[in-house]
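# Understanding the architecture of this molecule
So you can see what is in the structure, the chains are spelled out below.
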Amino acid sequence: MSDDSRPSPASTRTAAVIPAAGRGVRLGPGAPKALRALGGTPMLIHAVRAMAASRAVSLVVVVAPPDGAAEVKSLLDAHALPERTDFLVVPGGDSRQESVKLGLDALPPEYDIVLVHDAARPLVPVDTVDAVIEAVRDGAPAVVPALPLADTVKQVEPAGTPGDPEPVVATPDRSRLRAVQTPQGFDRATLGRAHETVTDDVTDDASMVEQLGARVVVVPGHEEAFKVTRPLDLVLAEAVLARRRLNDGF
Ligand code: CTP
Ligand code: MG
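Summary of the structure given here. (Residues numbered from 1 in each chain as written. Chains lettered and ligands numbered in written order. Predicted model: local features only at pLDDT ≥ 70, side-chain atom pairs only at ≥ 80, totals over all residues. Heavy atoms only, no water.)

### Examining the site of ligand 1
The line we're drawing: Here a residue is near a molecule or strand as soon as one of its heavy atoms is found within 4 Å of it. Polar contact is the term for a pair of N or O atoms within 3.5 Å; when the atoms are in protein, one must be able to donate a hydrogen and the other to accept it, and sequence-neighboring residues count only if both atoms are side-chain atoms. Method for areas: the Shrake-Rupley scheme with a 1.4 Å probe, in which residue coverage is limited to the protein chains shown. Charged means Asp, Glu, Lys or Arg here, nonpolar means Ala, Val, Leu, Ile, Met, Phe, Trp, Tyr, Cys or Pro, and polar covers whatever is left, Gly included.
Not every one of the 18 residues close to ligand 1 is listed here, only the nearest: Pro19, Val25, Arg26, Ser99 and Lys227. Note that an oxygen atom of ligand 1 is positioned 2.8 Å from one of the backbone N or O atoms of Pro19. Here an oxygen atom of ligand 1 and a backbone polar atom of Arg23 are 3.3 Å apart. Burial of ligand 1 by the protein amounts to 87% of the accessible area it has alone, namely 560 Å². Grouping the constituent residues of the shell around ligand 1 by class yields 6 nonpolar, 5 polar and 7 charged.

### Quick word on the side chain of Thr229
Quick note on the threshold: Runs of E in the DSSP output that reach at least two residues are strands. Runs of H or I that reach at least four are helices, and both are numbered from the N terminus. Residue contacts are defined here by distance: any two heavy atoms, one from each residue, within 4.5 Å place the two residues in contact.
With respect to the secondary-structure elements, Thr229 resides in the loop between β12 (216-220) and α7 (231-248). Excluding anything up to four places from it in sequence, Thr229 contacts Arg26, Leu27 and Lys33.

### Let's talk about the environment of Val209
Among the structural elements, Val209 can be located in helix α6 (residues 206-212). Sequence separation between Val209 and Pro141 is 68 residues, and the spatial gap between their C-alpha atoms is 8.5 Å. Excluding anything up to four places from it in sequence, Val209 contacts Ala142, Phe186, Thr190, Leu191, Ala194, Ala214 and Val216.

### Re the pattern of salt bridges
Defined as follows: Throughout this description, the term salt bridge denotes a Lys or Arg side-chain nitrogen within 4 Å of a carboxyl oxygen of Asp or Glu.
Taken as a whole, this structure holds 6 salt bridges when the rule is applied. Lys101 is paired through a salt bridge with Asp105; the nearest N and O atoms lie 3.2 Å apart. With Lys101 and Asp105 both in helix α3 (residues 96-105) and 4 residues apart, this pair spans about one turn of that helix. When the shortest N-O distance is used, the salt bridge between Asp118 and Arg121 registers 3.2 Å.

### Some thoughts on the nonpolar core
How we decide: Side-chain atoms within 4.5 Å are what join buried Ala, Val, Leu, Ile, Met, Phe, Trp, Tyr and Cys residues into a set we call a nonpolar core. Burial here depends on accessible area, computed with a 1.4 Å probe over protein chains only, as a share of the maximum for the residue type. Under 20% is buried, over 50% is exposed, and the range in between is partly exposed.
Ranked by size, the top nonpolar core spans 34 residues in total, and within it Leu44, Met51 and Val62 carry the most contacts. Among the elements of the structure, β1 (14-19), α1 (43-52), β4 (57-64), α2 (69-78), β6 (113-116) and α4 (126-137) are those that each provide at least two residues to this core. Per-element tally for this core: the top contributor is α1, with 6 residues. Filtering out sequence-adjacent residues up to four positions away, Val62 remains in contact with Ile18, Ala20, Leu44, Val48, Val72, Leu76, Leu88, Val89 and Val90. In terms of nonpolar packing, the next biggest core, distinct from the first, is built from 22 residues, Val63, Val100, Tyr111 and Val198 among them.

So, in structure tokens, the structure goes:
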């Protein structure tokens, strides 16, 4: 893409799409994951507030569980959210990828930067959100917040039967690996093209842009942008919230 086809920073408009349509199978039985409470407030509301906390974000599109759009709409009405931000709710699909696509389809034409943020990362700090937007404004078509890994990673030949020993194939150099988070930020046209072109199963949006051959860059992520996936993650999320409340109180 040529530089002059990019919007100038002063005129950019940024929207955030929040896929929240998953069931949360790994978290165990209960309500859809995004609707589970954290510190008494649904995880989704935390995620929406985290996006709306950025002054650059003027629209948040929530992709709700297919049968839960009405419930999500009333949740948004019931919780205090910044007045400068608009909200839209659309029903999601069977995969994260489909849900994101449905969210993108609902975006009005005037938005030229789009963030995609997991409802399951309710505690991402606003500085991380702003750093991602800034890097897109500076000209990167796709920006991913990420952290170095704490664990060494092994590539294996997966066992046919779960629990069986798995032969190790390789040990990638850990210093060159990053664990990626959200919000991932995109030039809207580039992400739209990726979602129309790439049909392989992917677990993040940036990998679709990589498949297009466009440039994807990583910026520093944040510990508190972890994804609530398993029950222990809920314990950690409650602890982070409790620490924030304590710090705000002094
Ligand atoms: N997601 C979605 N639509 C789907 C599947 C997932 O919008 N069909 C969203 C989830 O709501 C979540 C994000 O994608 O905010 C990241 O997915 P993940 O953490 O895997 O959530 P779930 O798919 O709900 O959890 P699990 O895989 O354990 O069922
Ligand atoms: Mg999932």
